[in-house]
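# Summary of structural features
The residues making up each chain are set out below.
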Amino acid sequence: MTVRRLLALPVLAVLLTGCGIRATEVPTDFGPAPSRVRCSLAEPDLSTQASRGLPVQVFLLCGSSLVAVDRTVRVPDGTADSARRVLVAQGLLDELAATPSTAEKEAGYTTDVHGGMTVSGPRPKDPVDALRLSSPPGELTSYALAQLVCTFSDSAAAEGDGSVVLGGPGGAPARRYACTDEVRTRPGGTEPPSAEVTSG
């Protein structure tokens, strides 16, 4: 009898410990599967970039947020400040509309800015730092507008205060748009805050 009891102990232990996780009728939601998007690129060769033009950064989409990547734009030496701002803005816009490189695509980068858009300087009643787009800012997707606002506001095309004055081709007054942390982290759900501006 003692031997039988000793032999039964391992079987009993297996039965007690092998129950695992109990089934539940309570629904659970642990969110989507983790993203495999890396959103990181190899360090660029800044000396080579500088030889090709003015080093700048543009904001591309990666995952659900905006991420800055390095680019260059060409601005002729001796260009006046007002014309320089417009040339830089057009160069930034062209870079935003360009198809991401192979390495950027593999890292998960995309853009919502479409080609063909142009930038011009302020109109007579606009603030001196205004930029006029060939497409009304209000008609752009929230992603594209966030890319433009954050790219321009962080460049020589703006005053460097985290905002940029943008208008469209029509007669509507220009507006000052701000690139905030919320816009960078949630460009699809948070449009850049803006306010109408007057000349001066």
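Here's what I pulled together on the structure shown here. (Residues numbered from 1 in each chain as written. Predicted model: local features only at pLDDT ≥ 70, side-chain atom pairs only at ≥ 80, totals over all residues. Heavy atoms only, no water.)

### Structural notes on the sheet that holds strand E3 (residues 109–110)
This is how the line gets drawn: A pair of strands is labelled paired if DSSP reports no fewer than 2 bridges between them. Numbering goes from the N terminus for both helices and strands, where a helix is a DSSP run of H or I of at least four residues and a strand is a run of E of at least two. The contact criterion used throughout is that any non-hydrogen atoms of two residues lie within 4.5 Å. Orientation is described by axes fitted as lines to C-alpha atoms, over the contacting stretch for helices, and by angles from 0 to 180 degrees between their N-to-C directions.
Spatial ordering of the open sheet is given by E2-E1-E3, a layout of three strands whose pairing is antiparallel. Two strands bound the open sheet, and with one partner strand each, they are strand E2 (65–73) and E3. Across two bridges, the pairing between strand E1 (residues 54–62) and E3 is antiparallel. The residue bridging Leu61 from the neighbouring strand is Thr110, located in E3. Relative to E1, helix H3 (residues 81–97) is tilted by about 40°, and along the sheet it contacts E1 and E2. Across the sheet, helix H5 (residues 142–153) touches E1, E2 and E3, and the angle it forms with E1 is around 155°.

### Side note on the state of the cysteines
Spelled out, the test is: Whenever a pair of cysteine sulfur atoms sits within 2.5 Å, that pair is classed as a disulfide. Accessible area is worked out with a 1.4 Å probe on protein chains only. A residue is then buried under 20% of its type maximum, exposed over 50%, and partly exposed in between.
Tallied over the entire structure, the rule returns two disulfides. Paired by a disulfide, Cys150 and Cys179 hold their sulfur atoms 2.0 Å apart. The chirality of the disulfide connecting Cys150 with Cys179 is right-handed, given an S-S dihedral of about 90°. Of the two residues, Cys150 is situated in helix H5 and Cys179 in the loop between strand E7 (175–178) and helix H6 (181–185); the sequence distance between them amounts to 29 residues. Across this residue pair, the class does not change: Cys150 and Cys179 are buried. When the bonded cysteines of the chain are numbered from the N-terminus onward, they pair as 1-2, 3-4.

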